[in-house]
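Structural characterization, general
Each chain, written out:
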Amino acid sequence: MRPARGAAGSACSATRLARVSHAADTAAPAATVLVYSHRAEVRDTVRTAVGRRPASDVGPLTWIECSTGDEVIAAVDRGGIDLCILDGEAQPTGGLALARQLDQEVTDRPAVCVLIARQADRWLAHWSRAEGTLPMPVDPLTAPAVVAELLRAHAHRPVVRR
C-alpha cells in the first residue's frame, strides 16, 4: 500500500513555490521611474497605464512626479532614476527639449521615453535622443511593454565614465 501524502507534502511544495517567488523578486530589483508633465492628469494617466510592475522580470516601480523642468533636472542630478517619461507637450519646458538637455548634460543619464501627441513627432523624439515614445492618449495595453523594454535595456547598459 502506498503511503498517503499528508499536509507535510503540501507544505513542502508551498515552501518551494515561496522560494521561487522570492527568488524572482530578488532577481528583479526595484526601478525608479520619473514622470514629467505640467498637467497632473497626464502624470496620473501614465502611472495608471503602466502600473506598479510592468512585466514579471522587471522589479516593482517607484514613481517620482515632476511638474517643472527644473524639478526633472534636480531629480536626475540626485541620481537613482532608471527611466524618465517626459511629456512632449508640457509647458513651458517640453519633454523633447528636456530629453535633449539630459543627453547633452548628464554623463550617465537614465533611459528616456517621450509622450507624443502625433505620430509625426517621432522624428523629434529621435532628434531629442529619447530611447522610446508613447503616443497620447497612453494605451494601458502597450505602455507597460514599452516601459519594461526600456528598463531592461537600461539595466544592461554599461556605465559611462568621463
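Above this note sits the structure.
A short tour of the structure in this document, coming up.

The first and last C-alpha atoms of helix α6 (residues 143–155) sit 18 Å apart over 13 residues, in line with the 18 Å expected at 1.5 Å per residue. All of the buried residues along α6 are Ala143, Pro144, Val147, Ala148, Leu150, Leu151 and His154. With its buried residues spanning 165° around the axis, α6 presents them on a single face. Buried residues in α6 make contact with β1 (31–36), α2 (40–50), β2 (61–66), β3 (83–87), β4 (111–116) and β5 (132–135).

Moving on to the sheet that holds β1. The strands making up a sheet associate through backbone hydrogen bonding, with each pair oriented either parallel or antiparallel. Spatial strand order, β2-β1-β3-β4-β5: five strands in an open sheet with parallel pairing. The sheet is open, and its two edges are formed by β2 and β5, each paired on a single side. Neighbour-to-neighbour, the strand axes of the sheet open up by a mean angle of 20°, direction not taken into account. With four bridges connecting them, β4 and β5 associate as parallel partners. Counterpart to Leu115 in the pairing with β5 is Leu134. Here α6 sits on the sheet and contacts β1, β2, β3, β4 and β5; the angle it forms with β4, its principal contact strand, is near 155°.

How each quantity is defined
- Residue positions within a chain follow its written sequence, with the count starting from 1.
- Only residues with pLDDT of 70 or above have their local features reported here, since the model is predicted, and side-chain atom pairs are shown and tallied only from 80 upward, although totals for entire chains, interfaces and linings are computed over all residues.
- Excluding hydrogens and water, the side-chain values take into account all heavy atoms of the structure.
- Segments assigned H or I by DSSP are reported as helices when at least four residues long, segments assigned E as strands when at least two residues long, and all are numbered from the N terminus.
- Multiplying 1.5 Å by the residue count of a helix minus one yields the expected span of that helix.
- The cut-offs for exposure are 20% and 50% of the maximum accessible area for each residue type, with area from a 1.4 Å probe on protein chains only; residues under the lower value are buried, those over the upper are exposed, and the others partly exposed.
- Picture the helix axis, draw a direction to every C-beta atom, and the arc is the one those directions span.
- Contact between two residues is taken to exist if any of their heavy atoms lie within 4.5 Å; hydrogens are not considered.
- Two strands qualify as a pair provided DSSP detects at least 2 bridges between them.
- All axes are obtained by fitting lines to C-alpha atoms, using only the stretch in contact for helices, and the reported angles, taken between N-to-C directions, cover 0 to 180 degrees.

Scope: geometric values only; no functional claims are made or implied.
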